Amino acid sequence: MPSPLHIGLFAEARYLSQNQPMGLHDALVARGHRVTLVDPQKSFYTMGDHAWLDSLDLIVGRGRSWGLLTLLGWAEARGVKTINTRGAISAVHNKSRMSVAFANADIPIPKTYFGTTAQLAANIPANEYPIILKPIFGDNSGGLQVALTPEEMAAIQWTEPIALAQRYFKTDGYDLKLYGMGDQVWGVRKESPFNPRDTNALSQAGLIELTPELQDLGRRCGKLFGLDLYGVDTIVTSEGVLVIEINDFPNYTGVPDGNERLADYIEQQVAS
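About the criteria used
- Residues numbered from 1 in each chain as written.
- Predicted model: local features only at pLDDT ≥ 70, side-chain atom pairs only at ≥ 80, totals over all residues.
- Heavy atoms only, no water.
- Pairing = 2+ DSSP bridges.
- Helix = DSSP H or I, 4+ residues; strand = E, 2+ residues; numbered from the N terminus.
- Axes fitted to C-alpha atoms, helices over the stretch in contact; angles between N-to-C directions.
- Expected span 1.5 Å × (residues − 1).
- Buried < 20%, exposed > 50% of the residue type's maximum accessible area, 1.4 Å probe, protein only.
- Core = buried A, V, L, I, M, F, W, Y, C linked by side-chain atoms within 4.5 Å.
- Contact = heavy atoms within 4.5 Å.
- Polar contact = N/O pair within 3.5 Å; in protein donor to acceptor, adjacent residues only side chain to side chain.
- Parallel < 35°, antiparallel > 145°, perpendicular 65-115°, else oblique.
- Left-handed = near helix turned anticlockwise from the far one by under 90°.

A. Structural detail: the sheet that holds strand 5 (residues 112-115). The strand order across the open sheet formed by four strands is 5-8-6-7, and the pairing between neighbours is antiparallel. Looking at strand neighbours, the two that pair on one side only are strand 5 and strand 7 (145-147), the edges of this open sheet. The sheet shows a mean angle of 25 degrees between the axes of neighbouring strands, direction not considered. Summarising the sheet, strand 5 and strand 8 (residues 163-167) pair through four bridges and their orientation is antiparallel. Looking at strand 8, one finds that Phe114 is bridged to Leu164.

This is the structure we're talking about:
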């Protein structure tokens, strides 16, 4: 067993009732490590006073607030390792930047457009509908809207100047989540919030065995943004498996022994 570590666990309050990061917190404490839990939005710091970093072996962050990103950047500048890094979290916060990166890396994604709703309505061919609209800085499926026709697109009251638009696919009622910790990738089928499954059929949700191709796809997505802990949302379509988006530090719902595996990974990263 490694010597006791001091881990900073920085998480926004909205996540403290979820599986993560508290599952990781409990697993680390059970191993005898010291864990300092911090809500970056309820903290006070003096610029130039770096004492809060003393003795920390590593900081794990969950969230996207300016407070969290500021503290991660501060720690990195002082040589403290962070998971995920400030840059990696920022890279997946902006969905338009994310989509550009996927396209440039030849990651399979649904056909994606970027522009004002008026321009989207005028330029997306009618045979590409339905189209799903996403806020550029959306989170947890918030603000999503589906347009069935160009006329519906033109009538949408979009509160942001620009939107990200993707072709909307009907599926069998399930999404495929690729959960990654470094090079380790797991696949979990989850019920889709936008494609209801046949409630008369037995549920097919749960852990699945991934093909080498899907494992490679998950790793490619994680490495593209420099993420250590990540979840890739995909759908299975007639055009193959398509990547919808990637998120930093997911809940790892359905991953066997997820808390312990996370604790293993954190220990390994401190030692590396």
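Moving on, there is more to tell.
B. Focus on helix 8 (residues 258-271). Here helix 8 is 14 residues long and its end C-alpha atoms lie 20 Å apart, about the 20 Å a rise of 1.5 Å per residue gives. Listed as buried for helix 8 are Gly258, Leu262, Ala263, Tyr265, Ile266, Glu267 and Gln269.

C. Up close: the nonpolar core. Leu24, Val60, Leu229, Tyr252 and Ile266 are the most contacted members of the largest nonpolar core, which has 22 residues in total. Elements with a minimum of two residues in this core: strand 1 (6-11), helix 1 (19-30), strand 3 (58-62), strand 9 (174-181), strand 10 (184-191) and helix 8. Setting aside residues up to four positions removed in sequence, Leu229 forms contacts with Ile83, Asn84, Gly180, Met181, Asn247, Asp248, Phe249, Pro250, Tyr252, Leu262 and Tyr265. Grouped together as the second largest cluster of nonpolar side chains are 19 residues, Leu178, Leu214, Phe225 and Leu227 included.

D. Looking closely at the sheet that holds strand 12 (residues 229-237). Reading across the sheet, the five strands line up as 11-10-9-12-13 and stay open at both edges, with antiparallel pairing between neighbours. Looking at strand neighbours, the two that pair on one side only are strand 11 (206-208) and strand 13 (240-248), the edges of this open sheet. Taken over all neighbouring pairs, the strand axes of this sheet differ in orientation by 30 degrees on average, direction set aside. Pairing analysis gives three bridges linking strand 10 to strand 11, with the strands arranged antiparallel. Across the sheet, Arg189 pairs through a bridge with Gly206, a residue of strand 11. The strands that helix 7 (residues 212-225) touches are strand 9, strand 10, strand 12 and strand 13; relative to strand 13, the one it contacts most, it runs at about 40 degrees. Sheet contacts for helix 8: strand 9, strand 10 and strand 12; angle to strand 9, the most-contacted strand, approximately 35 degrees.

E. Local environment of the side chain of Lys95. In this fold, Lys95 is placed in helix 4 (residues 95-104). The buried category is assigned to Lys95, whose relative accessible area is 5%. Of note is the side chain of Lys95, whose polar atom sits 3.0 Å from the side chain of Glu245. Leaving out residues up to four positions away in the same chain, Lys95 has contacts with Lys134, Pro135, Ile136, Gly138, Leu164 and Glu245.

F. The packing of helix 4 against helix 7, seen in detail. Here helix 4 crosses helix 7 at 120 degrees, and the two axes come no closer than 11 Å. When the interaxial angle is binned, helix 4 and helix 7 end up oblique. Crossing geometry of helix 4 relative to helix 7 is assigned as right-handed. Taking contact as the criterion, the partners of Met98, Ala101 and Phe102 in helix 4 are, on helix 7, Cys221, Leu224 and Phe225.

G. Representation of unusual backbone geometry within the structure. That bond from Ile83 to Asn84 is cis: its omega, -10 degrees, falls within 30 degrees of zero. Turning to its location among the elements, Asn84 is positioned in the loop between strand 4 (82-83) and helix 3 (86-93). Backbone torsion omega between Tyr129 and Pro130 reads 5 degrees, so that peptide bond is classified as cis. For Pro130, the position within the fold is in the loop between helix 5 (117-123) and strand 6 (131-134). Its identity as a non-glycine residue notwithstanding, Asp257 has a phi of 50 degrees, on the positive side. Structurally, Asp257 can be placed in the loop between strand 13 and helix 8. Given a relative accessible area of 57%, Asp257 falls into the exposed group.

H. View of the environment of Ile156. Mapped onto the elements, Ile156 comes out in the loop between helix 6 (150-155) and strand 8. Residue Ile156 is classed as buried on the basis of its relative accessible area of 12%. Note: C-alpha distance between Ile156 and Gly138 (18 residues apart in sequence) is 17 Å.

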